[in-house]
Each structure stands twice: as structure tokens, then as C-alpha cells.
Amino acid sequence: MRKRSHRSRAVLAVVAAAALGVAGCDAVGGGSPGSSGAGAGRKPSPRPTPVWDTSPDSVAAVGDSITTGFDACSVLSDCPEVSWATGGSERVDSLAVRLLGRAKAARRSWNYAVTGARMADLPGQMARAVARRPQLVTVLVGANDACRDTTSAMTPVADFRADFEDAMRTLRTALPRTQVYVASVPNLKRLWSQGRTDPLGKQVWKLGICPSMLGDADALDAAATLRRDTVQKRVEDYNRVLREVCAKDRRCRSDGGAVYDYRFGTDQLSRWDWFHPSVNGQARLAEIAYRAVTAHRP
């Protein structure tokens with residue numbers, strides 16, 4: 001009986017020690033809300049820094065003729081002063097001006113877009129932009145991938161995706177925290193419908209502006225309709241790629257199709273080619289971009 005009593009007391013001691021150990025762990029871990037443990041009075045952890053900064057202090061732009069302000073000021077010429085992304089014109093109030101102020105935008109924004117550029121050119125442009133270490137990079141490219149001599153010459157969707165992913169890797173390898181705003185490719189078929197009745201515009205189109213969509217502007221036969229629908233479908237596919245690739249990057253925002261959906265009217269199109277944005281059109285693109293960049297999202 002005595003041995004059994006000693007053994008019982010030993011078991012009870014082990015159980016008690018284990019209970020104290022568990023209680024001690026609860027106290028160290030903070031215990032339940034309202035407990036009097038050592039962790040009960042701790043201050044809550046600070047909220048994590050937001051992923052997206054609505055006030056970046058520098059902007060670099062990459063893309064094509066839309067971002068160079070082509071045909072906005074004079075016929076068949078770049079006019080970066082009115083670029084929606086980085087221009088200094090008071091008539092546009094570019095994204096950079098809206099974010100940084102006019103004086104700072106002149107020092108802290110850079111435009112690496114090139115007229116005629118396609119998605120395959122974007123990695124090289126991005127590499128040049130990276131050298132400036134911007135806090136925000138704007139991307140608007142893809143129209144020239146669809147605007148080819150024939151529909152068969154349009155950039156394949158898989159290649160478009162691969163080149164965009166390459167450009168994003170170029171950025172992320174060097175600048176993992178830089179933000180990206182991606183604008184959608186405009187609705188090229190709507191631009192055709194707006195400009196096809198203007199004699200001057202059609203003459204400029206014959207110089208080779210987007211022949212896959214704008215060629216034989218007056219033709220409404222089945223072949224011409226199929227050609228334009230094929231181009232339009234490719235633009236929609238490009239915009240899907242832009243959204244999908246951007247969505248995989250927590251510091252990338254797309255415009256959600258806002259540029260594609262925007263109904264460019266005669267006031268928003270160049271009076272020389274009825275295809276590229278006018279000064280007014282550049283201002284509308286700046287508005288769309290500013291809303292997307294400064295929107296507070298969960």
C-alpha cells in the first residue's frame with residue numbers, strides 16, 4: 001500500500017507540473033482576451049504598410065506613340081510635351097503633373113516611349129526606365145501589335161504575353177517595390193468608325209497608319225468586316241493578357257479596361273489622322289490614369 005501511495009503522489013506531481021507548464025505557455029502567448037497574463041497589456045501590432053502608395057514621388061513612362069503625343073501638336077510628329085503620362089502642358093495636366101506638381105514633374109518624370117513600339121520593345125524600354133529608379137512606371141502599348149499590314153502579321157497572343165512578362169521581370173529584378181500602372185489598348189474599331197468619314201484622315205491612313213484596321217476605310221463588304229473584327233478580337237485578347245499579368249503582381253494596377261471603353265470623339269482625336277489622341281484626348285487619358293493610381297482599394 002505504501003509503494004502505491006508514493007506512486008500516486010508522484011503521478012499527481014507530474015500532472016500538476018504539466019498543468020503549470022500549460023498555464024505558463026498561455027501567459028507567454030498572451031492568453032485569451034481579458035486574461036491577466038503578462039501579454040494582456042501588450043499594444044496591438046502596427047498595421048502593415050499599404051502595398052500601394054497613392055502618392056509616388058517619381059514617374060517613368062514606357063509604351064508607344066500614344067505616350068509620345070504623336071500627331072497631337074503637328075502632323076506625323078511626336079509631341080511629348082502633351083503626353084498623358086509625363087507631359088508638362090497645362091492643357092493636359094499629365095499624370096506626373098497631377099501626382100508631383102508641375103515643377104517636380106519636370107525633374108522627376110521620364111518618358112521612354114517610342115512611336116511605333118510593340119510589346120517586344122517593352123523589355124528594353126523598361127530597362128532604361130529602371131535606371132531612373134522611379135516609384136511608378138506607366139505602361140500603354142499594344143496598338144502596334146494589332147496594327148500590321150495584314151491580320152496574319154499581328155503579334156501572336158502568346159508572344160505578347162511572354163514579352164510583357166519579360167518586361168515585368170526586368171522591372172521586378174531591379175526594383176521590387178516600384179508600382180506599375182497598365183492602361184488598356186484603345187478600341188481600334190471605334191477609332192475607325194470615328195475617322196472614316198474625314199477625307200484628310202483617310203489620306204493620312206493611306207500612308208500606313210494601322211492598315212489591318214484602317215485599310216480600305218470605306219469598304220463594308222464581308223471580307224473587310226471580317227478583317228476588322230479579327231483585329232478587334234486580337235485587341236481584346238491583348239487587354240486580357242495585360243489584366244492577367246498585372247493581376248499576378250501585387251504592386252501593379254490595370255485600368256480595368258477604362259481606356260478601351262473610353263468613347264473617343266472628334267474632340268479627343270487628332271485632326272491630322274483621326275486616330276491618335278488629340279491634346280484633349282491626352283488629357284482624358286491622364287484623368288483615367290490618375291483615378292486608377294490614386295484610388296484607395298482594400
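Residues numbered from 1 in each chain as written. Predicted model: local features only at pLDDT ≥ 70, side-chain atom pairs only at ≥ 80, totals over all residues. Heavy atoms only, no water.

Thoughts on the overall build of the protein
Turning to step 1, where the next piece is worked out: A count of helices and strands for the protein gives 13 helices and 5 strands.
Turning to step 2, where the next piece is worked out: Looking at the protein as a whole, 48% of its 298 residues are labelled buried.
Turning to step 3, where the next piece is worked out: A separation of at least 24 residues holds for 72% of the contacts in the protein among residues at least 6 apart in sequence.
Turning to step 4, where the next piece is worked out: Counting only carbon and sulfur atoms, one obtains 54% of the accessible surface of the protein, whose full area is about 15100 Å². (Helix = DSSP H or I, 4+ residues; strand = E, 2+ residues; numbered from the N terminus. Buried < 20%, exposed > 50% of the residue type's maximum accessible area, 1.4 Å probe, protein only. Contact = heavy atoms within 4.5 Å. Areas by Shrake-Rupley, 256 points an atom, 1.4 Å probe, with all protein chains shown as cover.)

Concerning the environment of Tyr112
Turning to step 1, where the next piece is worked out: Here Tyr112 shows up in the loop between strand S2 (109–111) and helix H5 (122–130).
Turning to step 2, where the next piece is worked out: Of the residues examined, Tyr112 reaches a relative accessible area of 19% and is grouped as buried.
Turning to step 3, where the next piece is worked out: Taking C-alpha positions, Tyr112 is 7.3 Å from Arg128, a pair spaced 16 residues apart along the chain.
Turning to step 4, where the next piece is worked out: Of the polar contacts made by the side chain of Tyr112, one reaches the side chain of Arg132; its length is 3.0 Å. (Polar contact = N/O pair within 3.5 Å; in protein donor to acceptor, adjacent residues only side chain to side chain.)

Describing the confidence of the model for the protein
Turning to step 1, where the next piece is worked out: For the protein, the mean per-residue pLDDT works out to 87, and 83% of the residues sit at or above 70.
Turning to step 2, where the next piece is worked out: In the model, residues 1–40 has pLDDT below 50 throughout and makes 8 contacts with residues more than four positions away in sequence or in other chains. (pLDDT = per-residue confidence, 0-100.)

A look at the state of the cysteines
Turning to step 1, where the next piece is worked out: Under the defined criterion, the tally for this structure stands at 3 disulfides.
Turning to step 2, where the next piece is worked out: A sulfur-sulfur separation of 2.0 Å characterises the disulfide bridge that pairs Cys73 with Cys79. The sign of the -70° torsion about the S-S bond sets the Cys73-Cys79 disulfide as left-handed.
Turning to step 3, where the next piece is worked out: Here Cys73 falls in the partly exposed class, since its relative accessible area comes to 33%.
Turning to step 4, where the next piece is worked out: Note on Cys79: relative accessible area 13%, which makes it buried. (Disulfide = S-S within 2.5 Å.)

Details of the pairing of strand S1 (residues 59–63)
Turning to step 1, where the next piece is worked out: Of all 5 residues in S1, 5 are buried; the element is thus mostly enclosed.
Turning to step 2, where the next piece is worked out: Alternating positions in S1 separate into two faces, Val59, Ala61 and Gly63 on one and Ala60 and Val62 on the other, with burial throughout.
Turning to step 3, where the next piece is worked out: Examined bridge by bridge, S1 and S2 share 3 bridges and lie parallel to one another. By the bridge assignment, Val59 is partnered in S2 with Ser109. (Pairing = 2+ DSSP bridges.)

Points about the packing of aromatic side chains
Turning to step 1, where the next piece is worked out: Per the stated rule, a full pass over the model turns up 3 aromatic pairs.
Turning to step 2, where the next piece is worked out: Note on Tyr262 and Phe264: the rings are 4.8 Å apart at their centroids and 85° apart in plane angle, and the pair reads as edge-to-face.
Turning to step 3, where the next piece is worked out: On the accessibility criterion, Phe264 (5% relative accessible area) is buried. (Phe/Tyr/Trp six-rings, centres within 6.5 Å; stacked < 30°, edge-to-face > 60°.)

Details of the sheet that holds S2
Turning to step 1, where the next piece is worked out: Strand order in the open sheet formed by 5 strands is S2-S1-S3-S4-S5, and the pairing between neighbours is parallel. Only two strands of the sheet have a single neighbouring strand rather than two, namely S2 and strand S5 (252–254). With direction set aside, neighbouring strand axes in the sheet form an average angle of 15°.
Turning to step 2, where the next piece is worked out: Two elements, S1 and strand S3 (residues 136–140), share 5 bridges in a ladder whose sense is parallel. In the strand pairing of S3, Gly63 is matched with Leu140.
Turning to step 3, where the next piece is worked out: Contacts between helix H7 (residues 157–174) and the sheet are confined to S3, strand S4 (179–182) and S5, with S4 contributing the most and set at about 155° to the helix.
Turning to step 4, where the next piece is worked out: Across the face of the sheet, helix H11 (residues 222–247) comes into contact with S4 and S5 while running at roughly 155° to S5. (Axes fitted to C-alpha atoms, helices over the stretch in contact; angles between N-to-C directions.)

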